[in-house]
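Fold and contact review
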Amino acid sequence: MLNKKKRVLMTSAGAMSLLGVATFGAAAASADTLQETIDRGAVQCGVSDGLPGFSAPDGDGNWQGLDVDVCRAIAAAVLGDADAVNYISLNAVERFTALQSGEVDVLSRNTTWTTTRDTTLGLNFAGVNFYDGIGFMVSRDLGLSNASELDGAAICIQSGTTTELNVADYFRANDMEFDPIVFDTSEQTVGGFQAGRCDVLTSDTSQLAALRIQLDDPEGAVILPDIISKEPLGPVVRQGDDMWFNIVKWSLFAMLNAEEYGVTSENVDDMLESENPDIARLLGQDGNYGEGMGLEADWAYNIVSQVGNYAESFERNVGMGSPLEIERGANALWNQGGFQYAPPIR
């Protein structure tokens, strides 16, 4: 058993419940987000407050990441320009209010799809761009090998996330205790862990991988193998605008279908001559499947040519060729042992 530490509450914002956020309602939601986006000339995209691999600015201030690429795909589909995005950095507590109020058109910010969020908050999840689960990161010096050894641990947690409830459920189900140390942002959370304010840092395993590389000594921390929850992460829109909902989900589906059909940013122009009917429909060479969304026939071509397919996005941002070195695993395509699956364009 780890030594128990006095609980330190780092924020009052964590007291805001999801249902409390729902009181803002979706009254501010516009039913014509597409036209507003066209008139503005840019997609208003809510992203994280800085999570490497998913949404974070590089050294030149350019936003990059798996979630950022969803924003860029939407912009490519709607405006023909993947760079036509205004990024609004949001922490976990303020993200839903920003979407409900109309401050952002879409939230693409490592957000878990849950019943409450999908029903009582007036929101729609448009798909899953990363299948994840909550895990634990500890100091290597502790010599721990699994989560069953965490009884009595002080655990750093970010407020306003599904992690708080899931960790409490896990410890209660396993007759263990823990002391939550709650922070507003992921930066504060990893800072608390590095400063020794807690024994354990918990979050989605993808986020733990991103936070680990920000430590002064990444090799001094280890992510335990236990996954204690299901965390399907994906883009979110307001309810009440079905056309915009369709645009966001099919922008993601286009990237997944492109990977399945072998269409990449490198070969997409050659693929315009493909006799494969699936590829011809995807690239707008056989029918206009963007028409029902108010888009041009080349909407998916613009996505693939400017952003790439899902595999390209995954590998450059979070895959084995990136600093995070995350294997595809559950995020492989359905025909390669994973969960990723897109409906057909037809």
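Residues numbered from 1 in each chain as written. Predicted model: local features only at pLDDT ≥ 70, side-chain atom pairs only at ≥ 80, totals over all residues. Heavy atoms only, no water.

Ranked by size, the top nonpolar core spans 71 residues in total, and within it Ile74, Trp244, Val263, Leu282 and Trp299 carry the most contacts. Here this core gets 12 residues from one element, more than from any other, and that element is helix α9 (residues 242-261). The residues touching Val263, leaving out its near neighbours within four places in the chain, are Ala258, Val268, Met271, Ile279, Leu282, Leu283, Val304 and Asn309. Counting 17 residues, the second-largest nonpolar core is a separate cluster that includes Ile157, Tyr170, Val200 and Leu224. (Core = buried A, V, L, I, M, F, W, Y, C linked by side-chain atoms within 4.5 Å. Buried < 20%, exposed > 50% of the residue type's maximum accessible area, 1.4 Å probe, protein only. Helix = DSSP H or I, 4+ residues; strand = E, 2+ residues; numbered from the N terminus. Contact = heavy atoms within 4.5 Å.)

This part takes up the state of the cysteines. As used here, a disulfide is simply a covalent bond connecting the sulfur atoms of two cysteines. Here the structure, examined in full by the defined rule, presents two disulfides. Each disulfide pairs two cysteine sulfurs, and for Cys45 the partner residue is Cys71, the sulfurs being separated by 2.0 Å. Between Cys45 and Cys71, the S-S dihedral sits near -45°, and the bridge is therefore left-handed. Linking Cys45 in strand β1 (residues 43-47) with Cys71 in helix α3 (residues 66-79), this pair joins segments that are 26 residues apart in sequence. The residue that forms a disulfide with Cys156 is Cys198, at a sulfur-sulfur distance of 2.0 Å. Its torsion about the S-S bond being -105°, the disulfide of Cys156 and Cys198 is classed as left-handed. Here the residue Cys156 occupies a position in strand β9 (residues 153-158), and Cys198 occupies one in the loop between α7 (186-194) and β11 (200-204), the gap between them amounting to 42 residues. Comparing Cys156 with Cys198 shows no difference in burial state: the two are buried. (Disulfide = S-S within 2.5 Å.)

With that settled, the discussion passes to the packing of aromatic side chains. All told, the structure shown has 12 aromatic pairs when counted by the stated rule. Residues Tyr131 and Phe339 carry aromatic rings whose centres are separated by 5.4 Å and whose planes lie at 85° to one another, so their mutual orientation is edge-to-face. A residue pair is termed long-range when its members are at least 10 positions apart, and Tyr131 in strand β7 (residues 130-132) and Phe339 in the segment after α13 (310-317) qualify at 208 residues. Judged by centre distance (4.7 Å) and plane angle (40°), the ring pair of Phe171 and Phe178 falls under tilted. Note on Phe171: relative accessible area 1%, which makes it buried. Through successive ring pairs, a cluster of aromatic residues spans Phe54, Phe130, Tyr310 and Phe314. (Phe/Tyr/Trp six-rings, centres within 6.5 Å; stacked < 30°, edge-to-face > 60°.)

Geometric values such as these leave the question of function open.
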